[in-house]
Amino acid sequence: MLIDLSHTIENGLITYKGLPAPIICDYLSRENSKQFYEEGTTFQIGKIEMVSNTGTYIDCPFHRFENGKDLSEVELEKFADIEGIVIRVPYTKQLAVTAEVLMNYDVKDRAVLIHTGWTEHWNTGAYYNGHPYLTADAAEYLLNSGAKLVGIDSHNIDNTEGRTRPVHTILLGAEILIVEHMCNLEALPEKGFKFSAVPPKFKGVGTFPVRAFAKIY
């Protein structure tokens, strides 16, 4: 069974406050395409203008580091078919996900998905502020414990109240990919699934939307 863990991207969607919404429209409409084809045959070609931090997206090292690997350089094995684990840390109990919270879980070689429940605020004004996040010591723990990828159903994996981003720095510096703005994590078991979040193969881009999903076995 496949579980979709991605938000739908639509025209005008605000993902990150301060960044522009995507513009999704026709480049060639079906009506205009009629002039090129036989009667009854039409096509649509879409046009999309957006920043790469839109919807559910993945961060690669180049997002944080000038000489880090971009989307075209990261190996497919780091995007797809990764053994997964869900760690549930309800935002109603705590916002800061610390190393202490993670220590009872086996995260080695896994996609570690942090389920906070914050996605209930998606596409509302409440989504952007006071959100759950990982602490620097949590990132260090995941690095030292061999995590392969880290995802969260929140506005940012770092605390955005300040100007530092230690979790991005620690994880991406070790080529541990990050997936933000996830959803539907409540539909997953704690274990027993493979995780995938594959972006297009862009050169010179460190972040891009993904169709993140889990295959339960």
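No experiment lies behind these values; they were computed from the predicted model shown.

Visitor: Would you explain the overall build of the protein in this entry?
Guide: Secondary structure summary: the protein contains 5 helices and 13 strands in total. Here the protein has a C-alpha radius of gyration of 18 Å; the compact-globule value for 217 residues is 17 Å, and the two agree. The C-alpha extent of the protein, read off along each of the three principal axes, is 65 × 35 × 35 Å. Within the protein, buried positions represent 46% of all 217 residues. Taking contacts inside the protein between residues at least 6 apart in sequence as the whole, the part at least 24 apart equals 74%. Accessible surface for the protein amounts to roughly 11100 Å². Of this, 51% is attributable to carbon and sulfur atoms. Taken as two groups, the 20 positive and 28 negative side-chain charges of the protein have centres that lie 2 Å from each other.

Visitor: Even after reading the chapter, I still don't get the layout of surface pockets, so can you show me in this structure?
Guide: To find the voids left in a structure, one rolls a probe of water-molecule size over its atoms. Of the volumes computed, that of the largest pocket is approximately 160 Å³. Lining the largest pocket are Tyr 16, Asn 53, Tyr 57, His 63, Arg 64, Asn 156, Arg 165, His 168 and Glu 180.

Visitor: In this structure, what is going on with the sheet that holds strand S12 (residues 207–209)? I would like to understand it.
Guide: Spatial strand order, S1-S13-S11-S5-S7-S9-S10-S4-S12: 9 strands in an open sheet with mixed pairing. Edge positions in the open sheet fall to strand S1 (2–4) and S12, since each of these has one partner strand only. Each strand of the sheet is rotated relative to its neighbour by a mean of 30 degrees, with strand direction disregarded. Looking at chain direction, S1 and strand S13 (residues 213–216) are connected through 3 bridges and run antiparallel. By the bridge assignment for S13, Leu 2 is matched with Lys 215. Packing against the sheet, helix H5 (residues 166–173) makes contact with strand S4 (57–59), strand S9 (149–152) and strand S10 (177–180), and its axis sits at approximately 135 degrees to S10.

Visitor: Honestly, H5 in this entry has me stumped. Any pointers?
Guide: Because the α-helix completes a turn every 3.6 residues, residues three or four places apart line up on one side. Of all the positions in H5, only Val 167, His 168, Ile 170, Leu 171 and Leu 172 are classed as buried. Looking at the buried side of H5, the elements it contacts are S4, helix H2 (61–64), strand S8 (133–134), helix H4 (136–144), S9 and S10. Looking one or two residues beyond H5, the residue adopting positive phi is Glu 175, at roughly 60 degrees.

Visitor: Quick question: what am I supposed to make of the state of the cysteines here?
Guide: The tally for this structure, following the rule as stated, stands at 0 disulfides. In this model Cys 60 remains outside any disulfide bridge; the closest cysteine sulfur is found in Cys 183, 20 Å from its own.

Visitor: How should I be thinking about a nonpolar patch on the surface in this particular structure?
Guide: Together, Phe 36, Tyr 37 and Phe 43 give the surface a local cluster of nonpolar side chains, amounting to about 320 Å² of exposed area. Position of Phe 36 relative to the elements: it lies in the loop between helix H1 (30–33) and strand S3 (45–49).

Visitor: Before we go on, may I ask you to explain the packing of H4 against H5 in this structure?
Guide: How two helices pack is summed up by the angle between their axes together with the distance between the axes. Closest axis-to-axis distance for the H4/H5 pair is 8 Å, and the angle between their directions is 10 degrees. In terms of orientation, H4 lies roughly parallel with respect to H5. Every residue of H5 that contacts H4 at Ala 136, Ala 139, Glu 140, Leu 142 and Leu 143 is listed here: Pro 166, Val 167, Ile 170 and Leu 171. Of the residues that constitute the contact of H4 with H5, the class distribution is 8 nonpolar, no polar and 1 charged.

Visitor: It is not clear to me how the pattern of salt bridges should be interpreted in this structure. Could you clarify?
Guide: Charged atoms that come close allow side chains of opposite charge to pair. Under the criterion given, the structure shown has 7 salt bridges. Between Arg 211 and Asp 4 there is a salt bridge, and its shortest N-O distance comes to 2.9 Å. Placement of Arg 211 in the loop between S12 and S13 and of Asp 4 in strand S1 is noted, with a sequence separation of 207 residues between them. Residue classification places Arg 211 among the exposed residues on the basis of a relative accessible area of 57%.

Criteria and cut-off values
Residues numbered from 1 in each chain as written. Predicted model: local features only at pLDDT ≥ 70, side-chain atom pairs only at ≥ 80, totals over all residues. Heavy atoms only, no water. Helix = DSSP H or I, 4+ residues; strand = E, 2+ residues; numbered from the N terminus. Rg over C-alpha atoms; globule rule 2.2 N^0.38 Å. Buried < 20%, exposed > 50% of the residue type's maximum accessible area, 1.4 Å probe, protein only. Contact = heavy atoms within 4.5 Å. Areas by Shrake-Rupley, 256 points an atom, 1.4 Å probe, with all protein chains shown as cover. Lys, Arg positive; Asp, Glu negative; His and termini not counted. Charge placed at Lys NZ, Arg CZ, Asp CG, Glu CD. 1 Å grid on protein atoms, 1.4 Å probe; cavity = no way out; pocket = protein on both sides within 12 Å on 5 of 7 lines; lining within 4 Å. Points joined across faces, edges and corners; volume = space filled by probe spheres on them. Pairing = 2+ DSSP bridges. Axes fitted to C-alpha atoms, helices over the stretch in contact; angles between N-to-C directions. Disulfide = S-S within 2.5 Å. Patch = residues over 30% accessible without salt bridge, like charges linked within 9 Å, V, L, I, M, F, W, Y side chains within 5 Å. Salt bridge = Lys/Arg side-chain N within 4 Å of Asp/Glu carboxyl O. Parallel < 35°, antiparallel > 145°, perpendicular 65-115°, else oblique. Nonpolar A, V, L, I, M, F, W, Y, C, P; charged D, E, K, R; others polar.

Everything listed is a geometric property; what it means functionally is a separate question.
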